[in-house]
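Chain by chain, the residues run as shown.
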Amino acid sequence: MSVVVSALIVLSYITLGGLSSAIYNEVLQFFVILAGLIPLTVLGLVKVGGVAGLFDKVRQSALGEGGLHTWAGTAGANPMQAHWIGIVFGLGFVLSFGYWTTNFAEVQRALSARNTNAARMTPIIAAFPKLLIPLVTVLPGMIALVLFGDLGKGQDYNDAIPLLMRDLLPNGVLGVAVTGLLASFMAGMAANISGFNTVFTNDIWQAHVRPDRPDGHYLNVGRVATVAGVALGVGTAFIAAGYSNIMNYLQALFSFFNAPLFATFVVGLFWRRMTPWAGFWGLLAGTLSAFASYFAYKAGVVDFGTELNASFWGAGIAFAVDVVVSVIVTLVTTPKPERELRGLVYGLSAADLEDDALAGDTRWYRSPVLLGTAAVILAALLYGVIL
């Protein structure tokens, strides 16, 4: 019932307000989500005796001492059976970079920016709050692990947050936390729905099915696509509910689609010689290799240990296959002339981006290089503390 009602609310404001409504709602929902998770984390830490008490209890759990260290047991001797190669290359490079650069739900936000500099700043500004998100996701997960010993056995990992909410939060705060859960679902659905209807309407319907129609026609098509996307979103929400750990579901999807897409984009961006056919066949080969890797694991042909680890390796395999196929096909096909690549490929800048729209973005504190460097330094400091 919660999924259906939330989906109808998303459908109403996306249909009426489009991308702007999705973005404004996501900003507001972000703070609602934090309003639910921060009290949960604080009360959970109080329940287990603070950070020191949590660490002591984690040492006594199935994770043991390795649960408190970033790289302990990453030669495969850990509960997830993940190897450091899969973590660093598959997750840390392919899946993470792919999420931030080729996930259309994120890219669309940059495309809606007022100018080029603001578009560059979009993921950089988002990186700062994202760096702190583990404090309200990883810590509650560790707290749930020590408070509910049957997680992953008789109880789904997906129930960790609801169980903590049930046992720790007073009624008033519980209402805020439930609202935060619904807001997180709605924000994710709105981002994907707005991306879906844009791609379908502009890149498929307008470009190939019904070109040269009035704007009203494409507006109506977009609204129909929104309704269809919401229906698909509800269906996939119930599919995801069948996974004991929703991260298995998400990373499997990312390894199928985001990983090869990222490979195609990154090669095409930095190698102007790459051809359109290379992009097509590389993307197809990468996607098929990710599916093959996943189904080989499910069939018992290849042993990756756990489904999540299989997704890490699948993403790395998809990326490598995509790059190799793209290079081979490029060498036997004709590239586009450089004039058609200007503004799209590294080293071939657009004619002139310094227009009036960029005024005000030349201030030092709006420099993507400066803020990007600050984000990297902060990440390194936080990583050092965790390590």
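Quantities reported herein were computed from a predicted structural model and do not represent experimental measurements.

A. View of the packing of aromatic side chains. What the rule picks out here adds up to 23 aromatic pairs. On the numbers, 6.3 Å between centres and 20 degrees between planes, the contact of Phe196 with Phe200 is stacked. Of this pair, Phe196 and Phe200 both sit in helix 8 (residues 171-209), 4 residues apart, which is roughly one turn of that helix. Its relative accessible area of 27% is what places Phe200 among the partly exposed residues. Ring plane angle 35 degrees and centroid distance 6.1 Å describe the contact between Phe200 and Trp205, whose orientation is recorded as tilted. Residue class for Trp205 comes out partly exposed when judged on its relative accessible area of 23%. Members of the aromatic cluster, joined through ring pairs, are Phe89, Phe93, Phe97, Phe262 and Phe319.

B. Spatial organisation of a nonpolar patch on the surface. There is a patch of nonpolar side chains on the surface, built from Trp71, Trp84, Ile85, Val88, Phe89 and Tyr383 and spanning about 530 Å² of accessible area. Ranked by residues supplied to the nonpolar patch, first place goes to helix 3 (residues 84-102) with 4 residues. Structurally, Tyr383 is set in helix 13 (residues 368-386).

C. View of the nonpolar core. Leu40, Leu54 and Leu164 are the most contacted members of the largest nonpolar core, which totals 23 residues. When contributions to this core are tallied by element, the ones reaching two or more residues are helix 1 (2-47), helix 2 (50-59), helix 6 (134-147) and helix 7 (160-168). A per-element tally of this core places helix 7 first, with 6 residues. For Leu40, the contacting residues outside a window of four places in its chain are Ile161, Leu164, Met165, Leu168 and Leu169. Ranked by size, the runner-up nonpolar core spans 16 residues in total, among them Leu95, Ala252, Phe312 and Ala318.

D. Structural view of the side chain of Thr306. The residue Thr306 is located in the loop between helix 11 (276-298) and helix 12 (307-331) in this model. Overall, the relative accessible area of 18% leaves Thr306 in the buried class. In this structure, Thr306 is in contact with Pro79, Met80, Gln81 and Tyr297, ignoring residues within four places of it in sequence.

E. Geometry of helix 5 (residues 116-132). Maximal helix bending in helix 5 amounts to about 35 degrees, located at Thr122; proline Pro123 follows within four positions. Of the residues making up helix 5, those classed as buried are Asn117, Ala118, Met121 and Ile124. The opening residue of helix 5 is Asn115, an N-cap whose side-chain oxygen sits 3.2 Å from the backbone nitrogen of Asn117.

F. Representation of the packing of helix 3 against helix 10 (residues 246-270) in the model. Between helix 3 and helix 10, the least distance of the axes is 8 Å, while the angle of their chain directions is 75 degrees. Judged by the angle between their axes, helix 3 and helix 10 are roughly perpendicular. Taken together, the residues of helix 10 that come into contact with helix 3 (itself represented by Leu91, Phe93, Val94, Leu95, Phe97, Gly98, Tyr99, Thr101 and Thr102) are Gln251, Phe254, Ser255, Asn258, Ala259, Leu261, Phe262 and Phe265. For the contact of helix 3 with helix 10, the residue count by class is 11 nonpolar, 6 polar and no charged.

G. Expanded view of unusual backbone geometry. The phi dihedral of Asp212 falls on the positive side, at around 60 degrees, and the residue is not glycine. By secondary structure assignment, the location of Asp212 is in the loop between helix 8 and helix 9 (215-240).

H. Structural detail: helix 7. When we look at burial in helix 7, the residues that qualify are Ala160, Ile161, Leu163, Leu164, Met165 and Leu168. For helix 7, the secondary structure elements touched by its buried residues are helix 1, helix 6 and helix 8.

I. Inspection of the pattern of salt bridges at higher detail. One pass over the full model with this rule turns up 6 salt bridges. With a closest N to O distance of 3.0 Å, Arg59 and Asp56 form a salt bridge. Here Arg59 and its partner Asp56 are both found in helix 2, 3 residues apart, which amounts to about one turn of the helix. When its relative accessible area of 39% is taken as the criterion, Asp56 is described as partly exposed. If you follow the salt bridges from partner to partner, you end up with Asp56, Arg59 and Glu65 in one network.

J. Up close: the layout of surface pockets. Reported here for the second largest pocket is a volume of approximately 340 Å³. Lining the second largest pocket we find 17 residues, and of these Gly18, Asn197, Thr198, Leu219 and Gly222 sit closest to its centre. Those elements giving two or more residues to the lining of the second largest pocket turn out to be helix 1, helix 8 and helix 9. No other element matches helix 1, which puts 6 residues into the lining of the second largest pocket. Of the residues assigned to the lining of the second largest pocket, the class counts are 5 nonpolar, 11 polar and 1 charged.

What counts and how
Residues numbered from 1 in each chain as written. Predicted model: local features only at pLDDT ≥ 70, side-chain atom pairs only at ≥ 80, totals over all residues. Heavy atoms only, no water. Phe/Tyr/Trp six-rings, centres within 6.5 Å; stacked < 30°, edge-to-face > 60°. Helix = DSSP H or I, 4+ residues; strand = E, 2+ residues; numbered from the N terminus. Buried < 20%, exposed > 50% of the residue type's maximum accessible area, 1.4 Å probe, protein only. Patch = residues over 30% accessible without salt bridge, like charges linked within 9 Å, V, L, I, M, F, W, Y side chains within 5 Å. Areas by Shrake-Rupley, 256 points an atom, 1.4 Å probe, with all protein chains shown as cover. Salt bridge = Lys/Arg side-chain N within 4 Å of Asp/Glu carboxyl O. Core = buried A, V, L, I, M, F, W, Y, C linked by side-chain atoms within 4.5 Å. Contact = heavy atoms within 4.5 Å. Bend = angle between axes of the 7 residues up to and from the residue. Polar contact = N/O pair within 3.5 Å; in protein donor to acceptor, adjacent residues only side chain to side chain. Axes fitted to C-alpha atoms, helices over the stretch in contact; angles between N-to-C directions. Parallel < 35°, antiparallel > 145°, perpendicular 65-115°, else oblique. Nonpolar A, V, L, I, M, F, W, Y, C, P; charged D, E, K, R; others polar. 1 Å grid on protein atoms, 1.4 Å probe; cavity = no way out; pocket = protein on both sides within 12 Å on 5 of 7 lines; lining within 4 Å. Points joined across faces, edges and corners; volume = space filled by probe spheres on them.

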